[in-house]
Amino acid sequence: MEDLEKLLNESSEEIIEISTSQPRTELPEWRKNLPKNVPVMPLRGVVLFPGTVAPLTVERGSSQKLLDDLLPDSRLVALSTQKDENVETPKKKDVYSIGVLGNVLRVIEQEEDHTLILIQIVERIELTRITQEKPYLKSEFKILENIFPRNTARWKASIRNLQESAEEYLAVSPHIPEEALQALASIESPAILTDFLATNLTLEVEHRQEILEEVHVGKRAEKVQQALNNQLHIAELQAKLRDDVEDEFTDAQRRAYLREQMRAIQRELGEDDGSEELADDLRTRIEAAELPEECMEQAKKELNRLTMIPPASPEHSVLVSYLETVAELPWNKFSEENDDIEHAAKVLDSDHFGLKKVKRRLLEFLAVRRLNPHGKGPILCLLGPPGVGKTSLGRSIASALGRKFIRLSVGGVKDESEIRGHRRTYIGSMPGRLIQEIRRCGTKNPVIMLDEIDKIGADFRGDPASALLEVLDPNQNDRFMDRFLDLPFDLSQVIFIATANTADPIPAPLFDRMEVLDIAGYTTEEKLQIARRYLVKRQLKENGLKAKQCKWSAAALRFVIEDYTREAGVRGLNREIGSVCRYVAAEVVSNPKAVTTIDVAKVEEILGPPKYARETKMRTSSPGVVNGLAYTPFGGEVLNIEAVRFRGKGEIKLTGQIGDVMKESVQAAWSLVKTRADDLQIDPEDFKKYDVHVHVPAGAVPKDGPSAGCAMFIALASLFTGGRVNKDIAMTGEINLRGDVLPIGGLKEKALGAVQAGIKTIYIPQLNEKDIPEIPEATAKKLKIVSTARVEEIWEACVS
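Note on numbering: residues in each chain are counted from 1, in written sequence order. Side-chain atom pairs in this predicted model are given and counted only at pLDDT of 80 or more, local residue features only at pLDDT of at least 70, and totals for whole chains, interfaces and linings cover all residues. Just so you know, side-chain values use all the structure's heavy atoms and leave hydrogens and water out.

## Quick look at the overall build of the chain
Note the threshold: Secondary structure follows DSSP: runs of H or I at least 4 residues long count as helices, runs of E at least 2 residues long count as strands, and numbering of each begins at the N terminus. Exposure categories follow from relative accessible area, calculated using a 1.4 Å probe and restricted to protein chains: below 20% of the type maximum is buried, above 50% is exposed, and the middle band is partly exposed. In this analysis, two residues are considered to be in contact whenever any of their non-hydrogen atoms come within 4.5 Å of each other. The Shrake-Rupley method, run with a 1.4 Å probe sphere, supplies the accessible areas, and residue values consider only the shown protein chains as cover.
Scanning the chain from terminus to terminus reveals 29 helices and 24 strands. Counting the 800 residues in the chain, one finds 48% classified as buried. Nonlocal contacts in the chain, meaning residues at least 24 apart in sequence, comprise 74% of its contacts between residues at least 6 apart. For the chain, the accessible surface area stands at approximately 40,800 Å², while carbon and sulfur atoms represent 49% of it.

## Considerations on the pairing of strand 12 (residues 495-500)
When a strand is regular, its side chains alternate between the sheet's two faces. In plain terms, the rule: Here, any two strands with at least 2 DSSP bridges between them count as paired.
With six of six residues buried, strand 12 is to be regarded as a mostly interior element. The side-chain alternation of strand 12 yields two buried faces, one formed by Ile495, Ile497 and Thr499 and the other by Phe496, Ala498 and Ala500. The pairing of strand 7 (residues 379-383) with strand 12 spans five bridges and is classified as parallel. The residue bridging Leu383 from the neighbouring strand is Ala500, located in strand 12. Looking at chain direction, strand 9 (residues 447-451) and strand 12 are connected through four bridges and run parallel.

## Description of helix 20 (residues 554-563)
Buried within helix 20 are the following residues: Ala556, Leu557, Phe559, Val560, Ile561 and Asp563. Contacts from the buried residues of helix 20 go to helix 19 (524-542), strand 14 (550-552), helix 21 (571-590), strand 15 (596-598) and helix 22 (600-607).

## Some thoughts on the side chain of Asp451
The topology assignment puts Asp451 in strand 9. What makes Asp451 buried here is its relative accessible area of 3%. Residues within four places of Asp451 in sequence aside, it is in contact with Thr391, Arg407, Leu408, Ser409, Val410, Gly411 and Thr499.

## Overview of helix 21
Operational definition: To estimate how far a helix should reach, multiply one less than its number of residues by 1.5 Å.
Given a rise of 1.5 Å per residue, 20 residues ought to cover 28 Å, and the 29 Å separating the end C-alpha atoms of helix 21 matches this to within 8%. Those residues of helix 21 that sit buried are Gly572, Leu573, Asn574, Glu576, Ile577, Gly578, Val580, Cys581, Val584, Ala585 and Val588. For helix 21, the elements touching its buried residues are helix 19, strand 14, helix 20, strand 15 and helix 22.

## A few points about the sheet that holds strand 13 (residues 515-518)
Put simply, the rule reads: Comment: axis = line fitted to C-alpha atoms, over the contacting stretch for helices; angle = value between 0 and 180 degrees taken between N-to-C directions.
What the five strands build is an open sheet, ordered 8-9-12-7-13; its pairing is parallel. The open sheet has two edge strands, strand 8 (405-409) and strand 13, and neither has a second partner. Each adjacent strand pair in this sheet contributes to an overall mean axis angle of 25°, direction not counted. By the bridge criterion, four bridges tie strand 7 to strand 13 in an arrangement that is parallel. Opposite Leu380, over in strand 13, you have Glu515 as the bridge partner. Relative to the sheet, helix 14 (residues 390-401) contacts strand 7, strand 8, strand 9 and strand 12, its axis offset from that of strand 9 by approximately 175°.

## Brief notes about the packing of helix 21 against helix 22
Heads up, the rule is: Note that the term roughly parallel is reserved for angles under 35 degrees, roughly antiparallel for angles over 145, roughly perpendicular for angles of 65 to 115, and oblique for everything else. Amino acid classes used here: Ala, Val, Leu, Ile, Met, Phe, Trp, Tyr, Cys and Pro are nonpolar; Asp, Glu, Lys and Arg are charged; the rest, including Gly, are polar.
Contact pair helix 21 / helix 22: the axes reach a minimum separation of 10 Å and the direction vectors enclose 90°. On the basis of their axis angle, the class for helix 21 and helix 22 is roughly perpendicular. Residues Glu576, Ser579, Val580, Tyr583 and Glu587 of helix 21 form the contact with helix 22, whose participating residues are Lys602, Glu605, Ile606 and Leu607. By residue class, the composition of the contact of helix 21 with helix 22 is four nonpolar, one polar and four charged.

## Some thoughts on the pairing of strand 16 (residues 625-632)
Summarising burial for strand 16: seven of the eight residues are buried, a large majority. With two bridges connecting them, strand 16 and strand 20 (residues 729-731) associate as parallel partners. The partner of Gly628 across the bridge, within strand 20, is Met731.

## Description of the packing of aromatic side chains
Put simply, the rule reads: Each pair of aromatic rings taken from Phe, Tyr and Trp, with Trp reduced to its six-membered ring, is defined by centres within 6.5 Å and is described as stacked if the planes are under 30 degrees apart, edge-to-face if over 60, and tilted in the remaining cases. As a reminder, the over-ring test applies to NZ of lysine and CZ of arginine, requiring each to be within 6 Å of the ring centre and within 35 degrees of the ring normal.
Under the definition given, this model contains six aromatic pairs. Consider the rings of Phe687 and Phe720, whose centres lie 5.0 Å apart with planes at 55°: the pair is tilted. Taken together, the residues span a long stretch of sequence, with Phe687 in helix 25 (residues 686-689) and Phe720 in helix 26 (residues 709-721) at a distance of 33 residues. Both residues of the pair, Phe687 and Phe720, count as buried. One aromatic cluster is present, built from ring pairs that chain together Trp670, Phe687 and Phe720. Residue placement shows Lys444 over the ring face of Phe489; its charged tip is 5.9 Å from the ring centre. The ring of Tyr690 carries Arg645 above its face, with NZ or CZ at 4.2 Å from the centroid.

## Section: the environment of Glu337
By the secondary structure assignment, Glu337 is in the loop between helix 11 (314-328) and helix 12 (341-351). For Glu337, a relative accessible area of 24% corresponds to the partly exposed category. Here the alpha-carbon distance between Glu337 and Lys404, two residues 67 residues apart in the chain, equals 10.0 Å. Setting aside anything within four residues of it in sequence, one finds Glu337 in contact with Arg369, Leu401, Arg403 and Asn445.

## Overview of the pattern of salt bridges
Here is the rule we go by: Salt bridges are counted wherever a side-chain nitrogen of Lys or Arg sits within 4 Å of a carboxyl oxygen of Asp or Glu.
All told, the structure shown has 37 salt bridges when counted by the stated rule. One continuous salt-bridge network, built from bridges that share partners, spans Arg676, Arg738, Asp740, Arg790 and Glu792.

## A word on the packing of helix 23 (residues 660-675) against helix 26
How we decide: The sense of a crossing depends on the near helix, which, turned anticlockwise from the far helix by less than a right angle, makes the crossing left-handed and, turned clockwise, makes it right-handed.
For the pair helix 23 and helix 26, interaxial distance at closest approach is 8 Å and the crossing angle is 45°. Between helix 23 and helix 26, the interaxial angle falls into the category oblique. Crossing handedness for the pair helix 23 and helix 26: right-handed. In this structure, helix 23 contributes Met662, Ser665, Val666, Ala669, Trp670, Leu672 and Val673 to the contact, and helix 26 contributes Gly709, Met712, Phe713, Leu716, Ala717 and Phe720. Taken together, the residues that form the contact of helix 23 with helix 26 break down as 11 nonpolar, two polar and no charged.

See the structure below:
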């Protein structure tokens, strides 16, 4: 209002005295010489009424041209509202025929081709005939005179009621300036009063236009009164709501309001810390994350707390970290799963050789997944020695299923918070590693590998293995509670794969929750195939060699496998092949055309003398010497069990780094020989006259287990009877004091070891016949496998 008065005071043009159009009133001087045509300026989204002075911003080029042509010779211009404000170049059909006549008081040039004009609205007019459309509209017009009703008591009462309603409305409307009340009191003409009120009421453009087009002052007053009553009712409700809010305005809300005002001041001063924008950003991200309803309510409470906490408070950073974690977790995001069994089989076969049992179990899971897509993920445990491909197998499973892969090494973890997270009461608290990794990968159904689960620890900070009980239980992990998150998160769609070298250190409750898949290790033939298909190619690529520059023979690979490595996996084999390839790479650098063929002699030249020598079968048959079979982490081995006797007191001595279980097995065999002395035709006095020494060669290698019981019995019995055991026979089996042959483990590996040592016949426990199908077909063809239930059967068959 002050700016408008300033513009009026600064205007050098004459303000036209507005006619009230009262009956029989003499026309003012300015209306006696009106032009026939006037330029028409279209208005967008605004309707002007006579009796007002309004500032208008002129932006359109056509309107700028109109002003240039109009001034300074004339100041009268018609103003008509557009029917559609989006029309850029309006024509006759685009503007209302009823408008107003304006008197341009002042023109102010502004930046960016904008012009501000101050215009006095003097009369209603009707555009009778459009005479020009380009470059701007021009039209003939006629002034619409106001039609007044008879000056009755009813008319006077209605005008008085209109004034009182207007005064009441202005009093309860905080957005209307006080000067409007003074202006209202100075208005005497009912026509100007109705136009003044129509100008200040909040009405739609169509409603304003309807009032403008009404020339009958009585009817116009009724329309304004009706609109005023509606506006007054709304204003009274708003005032009541404001009063109610002020009554309920607590101290905390008052502080929040003042804090918001302070933030606004800081923004004006350029000292805004960005906390408001941060809260808005977090709110948008949390809403987009599609949290469950229970979690969304909690997140909104924490967001509200964030707005109340000063950024300098330590709790602010903890809360921001918490909300960012909530926003970034994949509450409803899943990787698109590939349930094509043929594709999965190809991926597993291309990445790993052998491991038929493991692959079959994984394909079974995939088949179940296809039939029941909403089933819970299995908890698998890949149990086997180092280097057999447990970790890489987990990665292949994720690739076959089209899921993301997370490897979580839990070996050496002793703090329970690594699994469950830290409570938010601590500065620097964070979620557990499970939630962190799922947040990082961005999907709710990854494959998570818990590597080295048998090496998990425990101390005063808690037991992580116990914390994993909830994680690895399909009936509980759909509502996993991380202490930092403090919200239930569904882990039931995750496939958990644990790896371990041995089962003994794993707590029984945790072990019970997992489905164990044994990966016993690779045979020599399997290692040979792995080397040819994968390892050699990998090392050639890593060392920058081409296949024609370094050619490996099968004999050379077998030589490396048998004489330079002693392992169940292929990690050492890969290392030895890499050593040979690096040697060849050095030769290629010296002579780019060099082609090296790797044979047995070349391997020995590069790697030096063989590192290991395998036990072989006995060269000759002699009393007290028997071929036993052992299962080690590096595969099957032949044990040359040797027994000798000499004059003494009937004592027995054991050497060869024999473990406690094997020692007990020797004692059982020794007792069984004594009880069978008559059947074996042994003089009982010999047991008193001689001491016995039992030795198992390769004394630097620890040995243990009960499976050498049969071999120990045959060795001791042949020692005292003088019988000779066939050198082409080997045996395995635990015995009891009654002479029963009990089942053993690792039959497949023992059979492979027997073939490598040149054994032709092996004796196995009858209860192990079920394991014979696991022996590779090529190996089984080279062996005669005899099952037996009693140790006497072995004695009769193999001793001469």
